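Residues per chain are reported as follows:
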Amino acid sequence: MPAQDIRELRIVGFLCNWCSYGGADTAGVGRFTQPTDLRIIRVPCSGRIDPLFIVRSLLNGADGVLVSGCHPRDCHYAEGNFYARRRLELLKRFLPVTGIDARRFEYTWVSASEGQRWQHVVTEFTHRIHELGPAPSFNPMSEVDWNALALQAAQGQGCPCHG
Amino acid sequence: MRIGVFICHCGSNIAGTVDCPSVAATALTYPDVVFSTDTMYACSEPGQDAIIQAVKDKNLDGVVVASCTPRMHEPTFRRAVERAGLNRYMFEMANIREHVSWIGKIKEQNTVKASELVRMAVEKLRRNRPLVAKRFETVKRVLVIGGGVAGIQAALDCADGGQEVVMVEREQSIGGKMAKLDKTFPTVDCSSCVLGPKMVDIAQHPKITLYTCSEVESVGGYVGNFQVTIRKKATYVDWSKCTGCGLCVEKCPSRKHPDPFNENLCNAPSINIPFPQAIPKKAAINAASCIMLQKGKCGACAKVCPVKCIDFEMKDELVTVDVGAVVVATGYDLFDWHKYPQYGEGRYKDVITSLQYERLLSASGPTGGHIKRPSDGKEPKTVVFVQCVGSRDKSVGRPYCSGFCCMYTAKQAILTKDHVPDSQSYVFYMDIRSPGKGYDEFTRRAMEEYGAQYVRGRVSMIYPKGDKLIVRGADTLAGTQVEVPADLVVLAVGAESAKGAVQLGEKLRVAPDQYGFFVESHPKLKPVETNTAGVFLAGACQGPKDIPASVGQGSAAASKVLGLLSKKELESDPAVSRVNPARCVGCGKCILTCPFGAIKAVADRFGNPKAEVIDTVCQGCGICTVTCPQGAIQLEHFTDNQILAEVNALCPPKIFANFE
Amino acid sequence: MSQLDDLKSAIKDRLGELECVIGWEQGYDALHATPLFIRTEADLDRLVIGPLAVHNLATYLTAYKGKKIGVVVKGCDSRSVIELVNENLVNRDDIVVFGLCCDGVVSQPKIRAALPADPGFVESVTIGTDELKITVAGQTVTLKKSDVLADKCRVCQHPNAIIADVLIGTKQNPAGANSLACQEEFEAKSDAEKLAFWQETMSRCIRCYACRNACPMCVCRDYCIATSRDPLWLSQDNSPAENMMFQMVHVSHLAGRCTECGECERACPVDIPLMLLRRYMNKQVKDVFEHQAGTALDQTPPLFTFKVEEERIHERGW
């Protein structure tokens, strides 16, 4: 697995407690080896996942964000993943305009019994993030960058149509 | 805040691939952490005592345990910190076993990951606050879905335990699959003689209300307070008057409809009582084949009925009941063996299922208990049993073992010899699985005393030759091909989830596994619980089971229900949503999206609209928190700040200070 | 009678029953309008309408919740009123809507670009059918109206107020175009170019929250999560990432609710082209949910409802 041979990247996972967190547990119980980049944040339901948590992670410098919930119709809270699906799909579609590579965010459904599927999802997603490499930082990395940016800003480049 | 961190070795489960002392040392550098140690087994009694001691000695007001999944031991540790005098929500867990040590192989990386997960837990804990549970009353009534042997046992145990029971059965009579069986293994006693009295008890028990020909339409509410709507399907017979005399059944001229109770081996009249011991013993009309309902002419049953209980205008009826708990006992269905081309896909009349064979053996069956093969009614002298039809076969999507087929096949081989003493049985099998009390002895008897020929191998083909069916298969022990000219072939079809189970699961919020069987809360420690509080499983709806196991689960589910309803009040989870009225602008978006109706609109003392959470109704999903743009409604224990703290712990914001 | 006279007489008819009627008057110079709160008939004399009356007055409605007021709206502004009503943020019965048939408003930055640098006080503006004559520092500049038309008006699909208790003027036709060249150009850029663009523009942001305060759908006002400690979504750090985070909060909270009135961009003192984000989000909302906020009464914003089977959301294979 290439992910283990090179430097780890920062991947944040948001998982619902009842299905996907359980699925990740099942993968652990089955000793299904996975890349170690992912750090999982447990939430009660995918309906609790504010798309802004994902944006916050990405703007803070996460290289990838993976969200997983119960399969549609199987939500422990009946409707949470239906709302989540709408919110997450919209975020996924919106990211390109911000200049954040939309491939760095993914959402999927994994049930508590799908340990192998979880292993597959984590492995594939980690692989994808490693192919994309570290995410470019939104903030300047050095004082030189800052000054260059300040200069640009002073020149007041706006929207193309504002001249 | 003063936080204590405990890193569990879990023997070598964690310590094998995580440097636990190093994780503990790193944790000491985190904000507010004043004590950190590693421990062999945090969940053991000395482990828990050490936590309690540390809370007291170090004056801790929050505890982080890094060990297994919180889905396993969070309740254990919460109780421990409670014993130490802390609120149980001043506790966080980091999952460094299932999510770290068991899935990663490189110790350095695992150790770093474990440290970060601990850091996340610490950051969240710093924003936790003590939460106190509210109490609410429960409805002292239980719903049992499914009237098979598991449901019957659960219902009787609950009723005997003093709770009211509502039983819903889809078919016309309770009894389930067991009512169709002739004899049961390994005692070879009469199935209906064992089950019959229990069915009668259901009918006569003063605490049990029985709805047959009925299905669960919808389920609302939560543990202790479910609202269930039951659809009573039209039977066209007023059961309050019907005496079950059977005159209508005799006179019904429409007899072209196959009889499902007899596994379609014969036809049934359109108005019917499925079998003599049926409970309730009432007639019902099959609308699809009734001449009156289809063509508007006939009415023979109405003419002969002595109590005038036939009502062709009858409509489905919806009944709503409040219950405190639900037992799901919907059982199983048989695998559709027609998917196998090698068994003729239904072209040969004398290839039948094991359950059809039960009906042929049964004295109340279509042949009156004489084995007659379906094609010409002759008594078969050579009977071939084929095992694992739709079990342990990935090619048809049924990789699991149905568990009971080996045993009932042995029983059927024995009964065949009893019925036709000059007969010879052959059994094609993969392995014999007989791990029950007296089970292996029983299969031995079939072979040794009753002379059943067991052939280890799969059947590759069945084809007709004259009035025989040639069964060709492998004998893997002898390493040869075998061909048996059979009069009758019985397929030991496996079990699959009951039709409609997945849809019922959606209503009850109980997830099915990939084969449609309901998932229990824990495979070992919570076999009859589900992840939805107040909903329990019994019998084969959770996975294929034989009768004693189903009965055992029925009783187990009943004991769980009785335990639940014996409390006067239940505690609600305090991790529910809470409105900050100062921030709420009263737009009602949370009310719109709440799946449980747990948020209501109220007015503050100035008349401004505000949202308010009904604590005991809220299930703690957090949909509302995301809906609210002001962040005015926060899910306790999973607030924005708590989750953001975890995000920021994992991805610290990059700030390049420029204060010039 | 002119459109303005019609409006004045319509307002006069209803003024007695209303707390006030919100319209526009001339601002600090001839080129700028400013909101006017009409309480008496005398106030009516100051009322102006036309291409300089740019403000979306629906923004003020929630502040008057519970009182009966009137509001003058252009076609685009009427969408905000509908959305506020749909979201139960204002009561339809409390509002008298004076709807205009609008033939477009101007973009101040575009006029500024066409005038000499630092024009200062504009003495007079004469508005013709197709042109504006602007007198500044003794000189008169004639601008073609189509050159200085606001972006939103170039693609306007609702020039006439969608809801109105009184509709004033002759109905206008929707614009032929429905996409802006600058939007398309921007969307065609690479991720790296877009990131660099936002890095630069967000480094200009001074977090004055004018975009938020001008937005008719930003009803949280004092309770915006951008300026609260509980929940604490944003730090005070004025870095591009943090400023972008604020815009993401704004976009996210407006998803499926934004009526594309353009007030955020108009209000921005450092000319950040915020509408690039809004228009893109609205396009996604329309694609996925076939929803356009504020175009019909009794709509539910798409993120507050769901379908069990979503026709336009396709599971990605794993």
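These numbers come from a predicted model, not from an experiment. (Residues numbered from 1 in each chain as written. Chains lettered and ligands numbered in written order. Predicted model: local features only at pLDDT ≥ 70, side-chain atom pairs only at ≥ 80, totals over all residues. Heavy atoms only, no water.)

1. Remarks on the overall build of chain A
Heads up, the rule is: Secondary structure elements are defined from DSSP: runs of H or I of at least 4 residues count as helices, runs of E of at least 2 residues count as strands, and each element is numbered from the N terminus. Burial classes follow relative accessibility: with a 1.4 Å probe on protein chains only, a residue under 20% of its type's maximum area counts as buried, one over 50% as exposed, and anything between as partly exposed. Contacts: residue pairs with any heavy atoms within 4.5 Å of one another. Each accessible area value is a Shrake-Rupley result obtained with a 1.4 Å probe; residue values ignore everything except the protein chains displayed when judging cover. For this count, His and the chain ends are skipped, Lys and Arg are scored as positive, and Asp and Glu as negative. Charge coordinates come from a single atom per side chain, which is NZ of Lys, CZ of Arg, CG of Asp or CD of Glu.
When helices and strands are counted, chain A shows six helices and four strands. Put simply, chain A runs from its N terminus to its C terminus through helices and strands in the order α-β-α-β-α-β-α-β-α-α. By principal-axis analysis of the C-alpha atoms, chain A measures approximately 55 × 40 × 20 Å. Looking at chain A as a whole, 66% of its 163 residues qualify as buried. Put simply, 78% of the contacts in chain A that link residues at least 6 apart link residues at least 24 apart. Taken as a whole, chain A presents about 5000 Å² of accessible surface, with 52% of it coming from carbon and sulfur. Treating the 17 positive side-chain charges of chain A as one cloud and the 16 negative ones as another, the clouds have centres 5 Å apart.

2. Quick look at the overall build of chain B
Along the backbone of chain B there are 18 helices and 34 strands. With the principal axes as the frame, chain B shows a C-alpha extent of 100 × 70 × 50 Å. Out of the 660 residues belonging to chain B, those deemed buried represent 56%. A fraction of 69% describes how many contacts in chain B between residues 6 or more apart in sequence connect residues 24 or more apart. When the accessible surface of chain B is totalled, it reaches about 26800 Å², and 52% of it is carbon and sulfur. Charged side chains of chain B number 79 positive and 69 negative; the gap between the two group centres comes to 3 Å.

3. Points about the interface of chain A and chain C
How big an interface is tends to be stated in terms of accessible area lost as the parts join. Filter applied, for reference: Note on terms: buried area is the combined drop in 1.4 Å-probe accessible area of two parts once they are placed together, counting the loss on both. Any carboxyl oxygen of Asp or Glu within 4 Å of a side-chain nitrogen of Lys or Arg constitutes a salt bridge here. Here a polar contact means two N or O atoms within 3.5 Å. Within protein one must be a hydrogen donor candidate and the other an acceptor candidate, and residues neighboring in sequence count only if both atoms are side-chain atoms.
With 49 residues of chain A at the interface, the matching set in chain C holds 57 residues. Across the chain A to chain C interface the summed buried area is about 5100 Å²; carbon plus sulfur atoms make up 66%. Our enumeration of links across chain A and chain C arrives at six salt bridges. For A:Glu89, the salt bridge goes to C:Arg316, with nearest N and O atoms at 3.4 Å. Our enumeration of links across chain A and chain C arrives at 17 residue pairs in polar contact (both at pLDDT 80 or more). Going through the elements one at a time, α3 (51-59), α4 (80-98), β4 (105-109), α5 (115-132) and α6 (143-155) of chain A are the ones with two or more residues in the side of chain A that touches chain C.

4. Looking at the environment of B:Gly246
If you trace the backbone, B:Gly246 turns up in the loop between β12 (225-232) and α8 (247-251). Counting along the chain gives 36 residues from B:Gly246 to B:Lys282, while the straight-line C-alpha distance between them is 8.5 Å.

5. Quick notes on helix α11 (residues 354-361) of chain B
Residue and element names in this part refer to chain B. The buried fraction of α11 is high, at eight of eight residues. Among the residues of α11, those classed as buried are Ser 354, Leu 355, Gln 356, Tyr 357, Glu 358, Arg 359, Leu 360 and Leu 361. Buried residues in α11 make contact with β8 (183-184), β19 (332-334), β20 (351-353), β21 (382-389), α12 (405-419) and β27 (488-493).

6. Thoughts on the nonpolar core
What counts is decided by this rule: Here, the term nonpolar core denotes a set of buried Ala, Val, Leu, Ile, Met, Phe, Trp, Tyr and Cys residues that are joined through side-chain atoms within 4.5 Å.
The biggest cluster of nonpolar side chains holds 113 residues, and the ones touching the most others in it are A:Phe14, A:Ile54, B:Val118 and C:Trp198. The dominant element in this core, judged by the number of residues it contributes, is helix α11 (residues 275-289) of chain C, at eight residues. If near-sequence neighbours (up to four positions away) are discounted, A:Ile54 is found in contact with A:Phe14, A:Ile49, A:Val65, A:Val67, A:Leu88, A:Leu91 and A:Phe105. Listed in part, the 79 residues of the second largest apolar core include A:Cys75, B:Ala234, B:Val237 and B:Phe261.

7. Here we look at the confidence of the model for chain B
Threshold: A score between 0 and 100, pLDDT records how confident the predictor is in each residue.
For chain B, per-residue confidence averages 94 on the pLDDT scale, and 99% of positions sit at 70 or higher. Per the prediction output, this complex has pTM 0.79; the corresponding ipTM is 0.94.

8. Some points on the side chain of B:Gln356
Residue and element names in this part refer to chain B. Examined against the element boundaries, Gln 356 turns out to sit in helix α11. Within the structure, Gln 356 has its side chain in polar contact with the backbone oxygen of Glu 263 (distance 3.1 Å). Within the structure, the side chain of Gln 356 is placed 2.9 Å from the backbone nitrogen of Thr 353, a separation counted as a polar contact. Apart from residues no more than four positions distant in its own chain, Gln 356 is found in contact with Glu 263 and Leu 265.

9. A look at helix α3 (residues 70-83) of chain B
Residue and element names in this part refer to chain B. Short version of the rule: Helix span, expected: 1.5 Å multiplied by one less than the number of residues in the helix.
In this model, α3 (14 residues) spans 18 Å end to end at C-alpha, consistent with the 20 Å of a helix rising 1.5 Å per residue. Taken together, the buried positions of α3 are Pro 70, Glu 74, Thr 76, Phe 77, Arg 78, Ala 80 and Val 81. Backbone geometry just downstream of α3 places Gly 85 in the positive-phi region, at approximately 95 degrees.

10. Let's talk about the packing of α4(A) against helix α7 (residues 191-204) of chain C
Rule in force here: An axis is simply a line fitted to the C-alpha atoms; with a helix, the fit covers only the stretch in contact. Between two such axes, the angle follows the N-to-C directions and lies from 0 to 180 degrees. Note on angle classes: values under 35 degrees are labelled roughly parallel, values over 145 roughly antiparallel, values of 65 to 115 roughly perpendicular, and the remainder oblique.
For the pair α4(A) and α7(C), the least separation of the axes is 7 Å and the interaxial angle reads 75 degrees. On the basis of their axis angle, the class for α4(A) and α7(C) is roughly perpendicular. On α7(C), the residues that touch A:Pro96, A:Val97 and A:Thr98 of α4(A) are C:Asp191, C:Lys194, C:Leu195 and C:Trp198.

11. Examining the packing of aromatic side chains
How we decide: Working definition: rings of Phe, Tyr and Trp (its six-membered ring) pair if their centres are within 6.5 Å, and the pair is stacked with planes under 30 degrees apart, edge-to-face with planes over 60 apart, and tilted otherwise.
Counted by the stated rule, this structure contains 26 aromatic pairs over all chains. For the pair B:Phe185 and B:Tyr439, a centre-to-centre distance of 5.3 Å together with 85 degrees between the ring planes defines the contact as edge-to-face. With a gap of 254 residues between them, B:Phe185 in the loop between β8 and β9 (189-190) and B:Tyr439 in helix α13 (residues 439-448) connect regions that are remote in the sequence. Look at B:Tyr439 and you get buried, because its relative accessible area is 9%. In this structure an aromatic cluster arises from ring pairing among A:Phe14, A:Phe53 and C:Trp233.

12. Description of the sheet that holds strand β2 (residues 33-39) of chain B
Residues and elements named next belong to chain B. Note the threshold: Two strands pair under a simple rule: DSSP has to find at least two bridges between them.
Strand order across the open sheet formed by four strands is β2-β1-β3-β4, with parallel pairing between neighbours. Because the sheet does not close on itself, it has two edges, and the strands there are β2 and β4 (91-95). Put simply, the sheet's adjacent strands are angled 15 degrees from each other on average, direction ignored. Pairing of strand β1 (residues 3-8) with β2 involves six bridges; the strand directions are parallel. Across the sheet, the residue bridging to Phe 6 is Thr 37, located in β2. Of the strands in this sheet, β1 and β2 touch helix α1 (residues 20-27), which is tilted by about 175 degrees from β2.

13. Topic: the interface of chain C and chain B
For clarity, the cut-off: For this scheme, ten residues count as nonpolar: Ala, Val, Leu, Ile, Met, Phe, Trp, Tyr, Cys and Pro. Four count as charged, namely Asp, Glu, Lys and Arg, and the remainder, Gly too, count as polar.
With 20 residues of chain C in contact, the opposing surface of chain B contributes 17 residues. Counting each side, the surface lost to burial between chain C and chain B is near 1600 Å², with a carbon and sulfur contribution of 60%. Salt-bridge contacts for C:Glu87 lead to B:Lys589; the nearest nitrogen and oxygen are separated by 2.8 Å. Along the contact surface separating chain C from chain B lie seven residue pairs in polar contact (both at pLDDT 80 or more). Residues that form the side of chain C that touches chain B fall into these classes: ten nonpolar, four polar and six charged.

14. Brief notes about the sheet that holds β27(B)
Residue and element names in this part refer to chain B. Ordered by their spatial adjacency, five strands build an open sheet running β20-β27-β21-β22-β23, and the pairing between neighbours is parallel. With partners counted over all chains shown, the strands left at the sheet margins are β20 and β23 (453-456), one partner each. In this sheet, adjacent strand axes meet at a mean angle of 25 degrees when their direction is disregarded. Of the pairings in the sheet, the one linking β21 to strand β22 (residues 424-429) comprises five bridges and is parallel in character. Residue pairing for β22: Val 386 is matched across the bridge by Phe 428. Packing against the sheet, α11 makes contact with β20, β21 and β27, and its axis sits at approximately 90 degrees to β20.

15. Observations concerning the pattern of salt bridges
Enumeration according to the criterion identifies 77 salt bridges over all chains in this entry. A salt bridge links C:Asp77 to C:Lys74; its shortest N-O distance comes to 3.0 Å. C:Asp77 gets classed as buried once you look at its relative accessible area, which sits at 0%. A single salt-bridge network, built from bridges that share partners, covers A:Glu89, A:Lys92, A:Arg93, A:Glu106, A:Arg128 and C:Arg316.

16. Considerations on the packing of α11(B) against α12(B)
Residues and elements named next belong to chain B. Definition in use: Note on convention: near helix rotated counterclockwise from far helix by under a right angle means a left-handed crossing. Clockwise means right-handed.
Closest axis-to-axis distance for the α11/α12 pair is 11 Å, and the angle between their directions is 30 degrees. Of the possible angle classes, the one that applies to α11 and α12 is roughly parallel. Read as a crossing pair, α11 and α12 show a hand that is left-handed. Facing α11, whose interface residues are Ser 354, Tyr 357, Glu 358 and Leu 361, α12 presents Tyr 408, Lys 411, Gln 412, Leu 415, Thr 416 and His 419. Among the residues forming the contact of α11 with α12, the class breakdown is four nonpolar, four polar and two charged.

17. Here we look at the pairing of β21(B)
Side-chain positions along a regular strand alternate between the two faces of the sheet. All names here are of chain B. Threshold: Handedness of a crossover is defined as follows: orient the strands so they point away from the viewer, and if the path from the first strand over the helix to the second runs clockwise, the crossover is right-handed.
Extensive coverage of β21 is indicated by the burial of eight of its eight residues. Regarding topology, α12 serves as the crossover connection from β21 to the parallel β22, and that connection is right-handed. Across five bridges, the pairing between β21 and β27 is parallel. Residue Phe 385 lies in a different strand from β27, and its bridge partner there is Val 490.

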